[in-house]
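# Descriptive analysis of the structure
Now for the letters of each chain:
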Amino acid sequence: MRITRHWYELSTAHRDRELHQLAVLPYFRLDRTTIGDDRRFTAIGTLRFIGRRSGRRHGFRIRLEYPAQFPKKVPRVFDHDNRFMPTLDGHLFSTHELCLTLPERGEFTMGSDELTQEVLGATLIWFQKRLIFDRTSHWPGPAEPHGINAVIDLLVERQVAPDAITISAWLLAHASTPNGHPAQPDLYASCPCGSGKRLKFCHRDDLQLIFNRVARFPTTSQLMDVLGIK
Amino acid sequence: MAWDFERSKNRIAAERKRIEKLGVTVKPLTREMNLSNLSPTDARLVSGVHLYADITNLDALLQDPSQRRDEYRRIYRTLHLTQRELRRILQSLFCGDKIQLQGAKFHGLFFRPYDDPEGMAQNAILAGLAMYSALTEAYSDVFDTYPALIPAIGLEYGDTLIANIGIRGDRELISVGNAANVAAKILRGGTEAMTIGKNLYDLLDDDHQAWFIPSGNVYRLDCTTVEDIEAIVRDAGIDWSVQSSIDKFTEDKDNLPLADINIEDAREIIDITRLGSTRAKLVPAASIFADIDGYTALVESLDGDTDELAKAVEVLHLFRYELRQATESDHNGIALQHQGDRLQTLLHSPGDDDEDVMEDAADLCIAYNSSVEEVINTHQDILGKLHIAIGCAFGKTLVGMLGVAGDRDPVCISNATIAAENVQLGLHGNHIGITKAVYESIADESISAAFTWNESSRCYVSKALTFISLEEAEDAQEYATAKTAAYTTVGTISVGTRATESVPLKITRPYSA
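Small disclaimer: the values here were computed from a predicted structure and weren't measured.

To continue, consider the overall build of chain B. When helices and strands are counted, chain B shows 16 helices and 21 strands. Rg of the C-alpha trace for chain B: 25 Å, near the compact-globule value of 24 Å for 513 residues, within the 12% margin. Counting the 513 residues in chain B, one finds 60% classified as buried. For chain B, contacts bridging at least 24 residues in sequence account for 70% of all contacts bridging at least 6. For chain B, the exposed surface amounts to about 19800 Å²; the carbon and sulfur share of it is 45%. Counting 48 positive and 79 negative side-chain charges, chain B places the averaged centre of each group 4 Å from the other.

As structure tokens, then:
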């Protein structure tokens, strides 16, 4: 079996550059890095900022888990001390991983040397917003809807369809087998954007984002529940 | 300097450690003890009758042209004379003890004869009548050209915690308990000048009970209907007469000619220990009252358990210490007087505009609430969460110090003081109330946006306002539309604007699977 080599094994210079990046960010104090039994590179450290009016010093200990393909894939960020309660509206998975961004939205610059800085900056913002959320029970600023609906909203933003209902109805009609299981749609079906073109020649790439999500549902009825279709 | 979370947290932690090391003890007051030589960590549980004697028309006196002139010298002397006479009646004639002079309010306590509540009750009623006569008949006799005083006497019996917090070297007694609260709150001027609580009423014999008319939960007495107060007091074996009060007022008046009273403005922050009966200050200042809501109820709920009461005293000391530090260290204000579980503060700044003082006062109010809500309640929870109600007003204020050597009280008199107290009394904990003038002086839009007009309290009120909630509300508002954020060189996060020499931060749209 072919063993995947991790990013830090491929280039010592890359590893050193990454360690330097972690060490110089003013809002992050690196405590330690480790390489686990699974050869995953992990960095543990504390994000910090000071309250503008209160002078309160906030600190948040996080764990960055680097994927083997870093920086082509984004490091995952965890609440290392389980400080916050995992909730959907609080954007924290039950594994204590932070829901920083909808991956399909592509907010981080993959392959960039600044990827870690982007992730840590976003994590610092997440931390500040989470403190506000814990006080007000309301997430400040825009946030994605939960689950597959986030991808549907993204497709609407990209004008794949005029609204979420159109996409949901289209998925139901074209991405489901007769025996009630989600399936890849016919590439020659008409595109939901209303152009009259076949999917293959229109928004195929955009819709591929949602097909990947649809495939995770065991039955169409469960998908319908999530989409709010009766 | 301004309030700072870390500084507040550190000093509260240090003070708690210090108090715990010293060890607070609470003991019931017994025959062998008195209220002298109490230390801050040595409190007494005292059964007795609390008396408040107030001049209810003080606000009218402050407006009276004859009293206003010469920088309020006459009012200042009136307070000096009346507190001396009330003290004489209480201490020398009725064996009571003075707790505090709170502006025009005189607070006394009767705890003798020991273990004889009925005797205390009768004693207190007679003392109240004598005080009423002194403040009306005797005073008007001596000062026949002055507006008459309209006194109100409030009395109630019960157990209260008494502690000496003597920070400035003077004896500074504070009392906490329902009896003191009731006595202070049932005051009503006019003809029904004496009001007593139910506990005290129940201790009176039938003859004395017959004097009082029930009015809700309290009992009121029209003192003008009591025939020959002098004779009643004399029959009880007390050597007091209206003439003796007239003589005392006259003697004290002669000893303190108006010309000897030096009332001046302030060129620097007032050092109240240097004030006295002949020296006072008249300054534009913000008055603030910060009261621990529910503390009296907490003390009552402990039902005399001295161990738990000791913890309650610790809590009081923590609040007292921190509010004082926030006032004096963070805002260069004057923590004027601890009145039970309440702090009276004065903020003035010679040379500064009134608007600046008012804005600073609003900041101090937020600082108080921040210390309590963000630090004490979050990090030093001893007997559950407690909140403070804060009232603030601004105006020209007479500041002095009255009493006898070793037992003087700061005195602060103005319409602003009265207004600030009334605002505070109308609020619940975790609320800040400020008058219209203070509100309009606030230049910081985020702070003024946190206040809304409250018609019933006739002031602007904010709820749960702290510096942390304030900055979070600001950031939440910015995040609604912000596309950029940055980490600044001083370690703060700047949202919506990109400061120079700062590190950009990425704002993402968080997601939930």
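For the rest of this paragraph, the subject is the pattern of salt bridges. Enumeration over the complete set of coordinates arrives at 44 salt bridges over all chains. When the shortest N-O distance is used, the salt bridge between Asp38(A) and Arg40(A) registers 3.5 Å. Between Lys98(B) and Asp407(B) there is a salt bridge whose closest N-O contact spans 2.9 Å. You can see Lys98(B) sitting in strand 3 (residues 97–102) and its partner Asp407(B) sitting in strand 15 (residues 407–413), a full 309 residues away along the chain. Comparing Lys98(B) with Asp407(B) shows no difference in burial state: the two are buried. One network of salt bridges, with partners in common, ties together Arg52(A), Arg53(A), Asp444(B), Glu474(B) and Asp475(B).

On the surface, Asp159(B), Glu300(B), Asp303(B), Asp305(B) and Asp307(B) cluster together into a patch of negative charge. Checked against the element boundaries, Asp307(B) lands in helix 11 (residues 306–331).

All names here are of chain A. Along the chain, Val226 falls in helix 7 (residues 220–227). Since its relative accessible area comes to 36%, Val226 is described here as partly exposed. Along the backbone, Val226 and Arg130 are 96 residues apart, and their C-alpha atoms lie at a distance of 25 Å. If sequence neighbours within four positions are ignored, Val226 has contacts with Ile148, Asn149 and Phe217.

This next bit is on the interface of chain B and chain A. Listed as interface residues are 39 residues of chain B and, on the opposing side, 46 residues of chain A. Interface area, chain B with chain A, both sides summed: about 3900 Å², of which 55% is carbon and sulfur. Our count for the chain B to chain A interface comes out at seven salt bridges. Residues Arg135(A) and Glu374(B) are paired through a salt bridge, measuring 2.9 Å at the closest nitrogen-oxygen approach. The interface formed by chain B and chain A contains 22 residue pairs in polar contact (both at pLDDT 80 or more). Residue assignment for the side of chain B that touches chain A shows that the elements contributing at least two residues are helix 1 (5–22), helix 12 (354–379), helix 15 (445–449), helix 16 (467–479), strand 19 (485–487), strand 20 (493–495) and strand 21 (503–505) of chain B. If you tally residues by element for the side of chain B that touches chain A, the top one is helix 16 of chain B, at 10 residues.

All names here are of chain A. Reading across from one edge, 1-2-3-4 is the order of the four strands in this open sheet, with antiparallel pairing throughout. Every other strand in the sheet has two partners, leaving strand 1 (28–35) and strand 4 (76–79) as the edge strands with one partner each. Across the sheet, the axes of successive neighbouring strands diverge by a mean angle of 25°, strand direction being ignored. Its contacts with the sheet put helix 2 (residues 12–24) on strand 1, strand 2 (41–50) and strand 3 (57–65), and the angle it makes with strand 1 is roughly 150°.

Residues and elements named next belong to chain B. In the contact formed by helix 3 (residues 65–93) and helix 4 (residues 117–142), the axes pass within 10 Å of each other and the chain directions differ by 150°. As helix 3 runs across helix 4, the sense of the crossing is right-handed. Each of Thr78, Thr82, Glu85, Leu86, Ile89 and Leu90 in helix 3 lies in contact with helix 4, whose residues at this interface are Ala127, Ala130, Met131, Ala134, Leu135 and Tyr139. Residues that form the contact of helix 3 with helix 4 fall into these classes: nine nonpolar, two polar and one charged.

To continue, consider the nonpolar core. All names here are of chain B. In this structure, Phe94, Leu155, Met194 and Ile196 are the most contacted members of the largest nonpolar core, which totals 71 residues. Counting residues per element, this core draws most heavily on helix 4, at 15 residues. Apart from the residues within four sequence positions on either side, Phe94 is in contact with Ile89, Phe110, Asn123, Leu126, Ala127, Ala130, Val233 and Ile238.

Here we take up the environment of Gly23(B). Examined against the element boundaries, Gly23(B) turns out to sit in the loop between helix 1 and strand 1 (25–28). Spatially, the C-alpha atoms of Gly23(B) and Thr41(B) are 6.6 Å apart, while their sequence positions differ by 18 residues.

What counts, and where the lines are drawn
- Residues numbered from 1 in each chain as written.
- Chains lettered and ligands numbered in written order.
- Predicted model: local features only at pLDDT ≥ 70, side-chain atom pairs only at ≥ 80, totals over all residues.
- Heavy atoms only, no water.
- Helix = DSSP H or I, 4+ residues; strand = E, 2+ residues; numbered from the N terminus.
- Rg over C-alpha atoms; globule rule 2.2 N^0.38 Å.
- Buried < 20%, exposed > 50% of the residue type's maximum accessible area, 1.4 Å probe, protein only.
- Contact = heavy atoms within 4.5 Å.
- Areas by Shrake-Rupley, 256 points an atom, 1.4 Å probe, with all protein chains shown as cover.
- Lys, Arg positive; Asp, Glu negative; His and termini not counted.
- Charge placed at Lys NZ, Arg CZ, Asp CG, Glu CD.
- Salt bridge = Lys/Arg side-chain N within 4 Å of Asp/Glu carboxyl O.
- Patch = residues over 30% accessible without salt bridge, like charges linked within 9 Å, V, L, I, M, F, W, Y side chains within 5 Å.
- Buried area = accessible area lost by both parts, 1.4 Å probe.
- Polar contact = N/O pair within 3.5 Å; in protein donor to acceptor, adjacent residues only side chain to side chain.
- Pairing = 2+ DSSP bridges.
- Axes fitted to C-alpha atoms, helices over the stretch in contact; angles between N-to-C directions.
- Left-handed = near helix turned anticlockwise from the far one by under 90°.
- Nonpolar A, V, L, I, M, F, W, Y, C, P; charged D, E, K, R; others polar.
- Core = buried A, V, L, I, M, F, W, Y, C linked by side-chain atoms within 4.5 Å.

As far as function goes, none of this settles anything; it's purely spatial.
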